[in-house]
Every structure is written in C-alpha cells, then in structure tokens.
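# Survey of secondary and tertiary structure
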Amino acid sequence: MLYWLTALSDGGDFFNLFRYITFRAGGAFMTALFFGFIFGPPLINVLRRKQGKGQPIRSDGPEGHFEKAGTPTMGGLLIVGALATSTLLWARLDNPFVWMVLFVTLSFAAIGFADDYAKVSKQNTAGVSGKLRILLGIIIAGIAGYWAAMYHPEDLSNQLALPVFKDVLINLGVLFIPFAIIVIVGSANAVNLTDGLDGLAIMPAMIAAGTFGIIAYAVGRTDFTQYLDVHYVPQTGEILIFCAGLIGGGLGFLWYNAPPAAVFMGDTGSLALGGALGAIAVATKHEIVLAIVGGLFVVEALSVIIQVAYFKRTGKRVFLMAPIHHHYEKKGWAEPQIVIRFWIISLILAMIGLATLKVR
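Basis of the calculations
Residues numbered from 1 in each chain as written. Predicted model: local features only at pLDDT ≥ 70, side-chain atom pairs only at ≥ 80, totals over all residues. Heavy atoms only, no water. Patch = residues over 30% accessible without salt bridge, like charges linked within 9 Å, V, L, I, M, F, W, Y side chains within 5 Å. Areas by Shrake-Rupley, 256 points an atom, 1.4 Å probe, with all protein chains shown as cover. Salt bridge = Lys/Arg side-chain N within 4 Å of Asp/Glu carboxyl O. Helix = DSSP H or I, 4+ residues; strand = E, 2+ residues; numbered from the N terminus. Buried < 20%, exposed > 50% of the residue type's maximum accessible area, 1.4 Å probe, protein only. Axes fitted to C-alpha atoms, helices over the stretch in contact; angles between N-to-C directions. Parallel < 35°, antiparallel > 145°, perpendicular 65-115°, else oblique. Contact = heavy atoms within 4.5 Å. Nonpolar A, V, L, I, M, F, W, Y, C, P; charged D, E, K, R; others polar. 1 Å grid on protein atoms, 1.4 Å probe; cavity = no way out; pocket = protein on both sides within 12 Å on 5 of 7 lines; lining within 4 Å. Points joined across faces, edges and corners; volume = space filled by probe spheres on them. Left-handed = near helix turned anticlockwise from the far one by under 90°.

## Looking at a nonpolar patch on the surface
A cluster of nonpolar side chains, Met 30, Phe 34, Phe 37, Ile 38, Phe 39 and Trp 255, forms an exposed patch at the surface whose accessible area comes to about 650 Å². The greatest single-element share of the nonpolar patch, amounting to 5 residues, is contributed by helix H1 (residues 21-51). Considering the arrangement of structural elements, one finds Phe 39 in helix H1. A relative accessible area of 43% means that Phe 39 is categorised as partly exposed.

## Examining the packing of helix H5 (residues 176-194) against helix H11 (residues 295-314)
Look at H5 against H11: their axes get within 8 Å of each other, and the N-to-C directions meet at 80°. Of the possible angle classes, the one that applies to H5 and H11 is roughly perpendicular. For the pair formed by H5 and H11, the contact residues are Ala 190, Val 191, Leu 193 and Thr 194 on the first element and Phe 297, Glu 300, Ala 301 and Val 304 on the second. Partitioned by chemical class, the residues of the contact of H5 with H11 number 6 nonpolar, 1 polar and 1 charged.

## Some remarks on the layout of surface pockets
The space that makes up the second largest pocket amounts to roughly 190 Å³. What lines the second largest pocket is a set of 13 residues, and nearest its centre among them are Ile 21, Arg 92, Asn 95, Gln 235 and Glu 238. Its residues placed into classes, the lining of the second largest pocket shows 3 nonpolar, 4 polar and 6 charged.

## Describing the environment of Val 298
Note on placement: Val 298 falls in helix H11. Classification of Val 298 by relative accessible area gives partly exposed; the value is 34%. For the pair Val 298 and Ser 187, spaced 111 residues apart in the sequence, the C-alpha separation amounts to 8.1 Å.

## Examining the packing of helix H6 (residues 202-219) against helix H13 (residues 335-355)
Running from N to C, H6 and H13 point in directions that differ by 15°, and their axes come no closer than 9 Å. Judged on the interaxial angle alone, H13 and H6 are roughly parallel. The crossing of H6 and H13 is right-handed. Between H6, through Met 203, Pro 204, Ile 207, Thr 211, Ile 214 and Ile 215, and H13, the contact on the second element is made entirely by Trp 343, Ser 346, Leu 347, Ala 350 and Leu 354. Its residues assigned to classes, the contact of H6 with H13 shows 9 nonpolar, 2 polar and no charged.

## Notes on the side chain of Lys 119
Secondary-structure assignment places Lys 119 in helix H3 (residues 96-122). Owing to a relative accessible area of 17%, Lys 119 belongs among the buried residues under this scheme.

Keep in mind these values describe shape, not function.
In structure tokens, the structure reads:
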C-alpha cells in the first residue's frame, strides 16, 4: 500500500525510496517484528485465559512434554497477523503473486485455526478430521496452482524447471496443477509435522523464507536471471517483501516460543508457514529447490511415512518414535540440543539451495 506514495515523488526525494523492493522489504521486516513484540503479550494472555488447559499433550509422547501442559496454542495468529499486516502495508497490491501467496497462507491458517480450536475445546489431540484437512488443502492448492500458471510467462506456464540443468524444462501440461497441489499440501503438512519442540519449526521456516526471498528477488529481475542463467519470472520480486514479513513475524513469535515456550504456534502457524513456502516455490518455478532448502521438513515427513508403512507391514518400528525429532528425544538428547542442531542443518541446506542458482 505504501508503494502508492511514489506518486508523490519527483524522482529524487524520500518518496522515491518506496519504489525499491529492498527498502520496502526492510520496512516489512521491521513492521512484522514490532507487531510481534507489541501484540505478543496481550495475545498470549487472551489465549491463556480462553483456553484454560492449553494445548492437549499426547499421552504416548516423550515424558518431558508433560511439563508443557497448560501452554496455550494458536500462537500462529501472531505470525500470520504480523505477516499479513506487513505485506499489505509494504507490497504492491497490484501484484498477482503476492495475493496468491497471501491467499494460500491465510487459507491454511484458517484450516489450522479450526483444528487448534477443536483440540482445545474438546481437550483431545484429534482435532479436525485428517481427510477434511487434506481435502480443503487440495482445493486451496489447486486454486493457487491455476493462479500461478495464469501469470507465469507463456514459455514457463505448466513447465517444471530443474536446478543445475537450467536449459531443461519438463512440460507437465494438465499435470502441473496436481504437481502444485503436491508441493503446497506436502509442504504445509511437513512443516506441521516438524512443529513438535519449542522453536523447532519456526527457525527453519524463517531460513527457508529468507532463501526463497533471495530467489524470488533474483528470478524477478532480468539482469540477475541473465547472470545466474535461471528462468525469468516477472513480478516475483515482490515476494521478497512477503518473505521479509515472515522472517520479522517469525522472530517476534520466537521471542515467546523460545524454551520454555510461553505459547505454541499450533496448526494455525505451521500449516500457514508450510503452505506459504510451497506457494512461493510454485510461483518462482523453484519447486525442486524447496525439497533441498526444506530438506529438514522432508526428512520429518518421511520419518512418519516410513514409520507407519513399516509398522503396518511388520508390526515393528524403525524409529523409537516419529517424527524423527521425537526419536532423538527418546534416545536422551536434550530438547535444546535437538532444536539447535536441526537449525544448523536447515542453514546448511539453505546454502546448498542458494548454490543451485549459479551451479550448472
């Protein structure tokens, strides 16, 4: 919205700064960060008062988690509120990709909110039916995939771009939308599965957002795409502002989610963040790179799939408990040790993902 102030510029004054994506990204980051600091305490107080017993704790979970009983959930409202406010304030509102990513984020946040509400109101871990959640996610992701395909350049529409092999495009045709659904829904649920320890999901999500903010800015500029030899996707540069807002809002939330957490993000936050990352990957034509940058989320999801499949087949378990962060808890690792090591892994994977921009 503040981009409209450029109409007051004569080309060499303060208002001209609002033309620059990097300036507005900085503004979005600070706006989201202060939003978190200002509204965090009152939101947590409201959630604590309304929820009473807080988020239900799994009876079969690690023993240390019973100490967290009474901690309120739905803290994702703080992240989503900061993110949406900063994006609407600083991004260009005539940009279709900004609205596409916001649509996915807010829609998945709504699914997560309904799930969290069902859990705290009934005081059990069941929540909304898994089938209903998946169905709604498929519908939202399908709309987003079609939305992205409409605004991609003609030579990239319905195409799958590969990292490293940059001249290769795979024409998915009508399969592009199902592919986009897999990316977005898979990303949303993978982040959701990762959110099991204080601070575990939010930092890797911020690292991935920072990485994809750089990618979005790069692929949205003809000079950068020529130098990096990647596909040019017009208008995606504005997604950097969204990513900056996500990082600022994430840091504001982490202030209260650091161990011992005063609030959990819940499905409200984890589904929203995962859906957002998937939507950004689809918009920027870097879906495969998301599997690298978000490799931690992929491993967490795979650990659950492997555990369930192997148990059904043999009656035995591969891991002491899934997702895999619980496996390490069962092995005796301290929670901060797991969280910080997983953060380090996420940062390494992000560097590898960025390196694919130039490698050929």
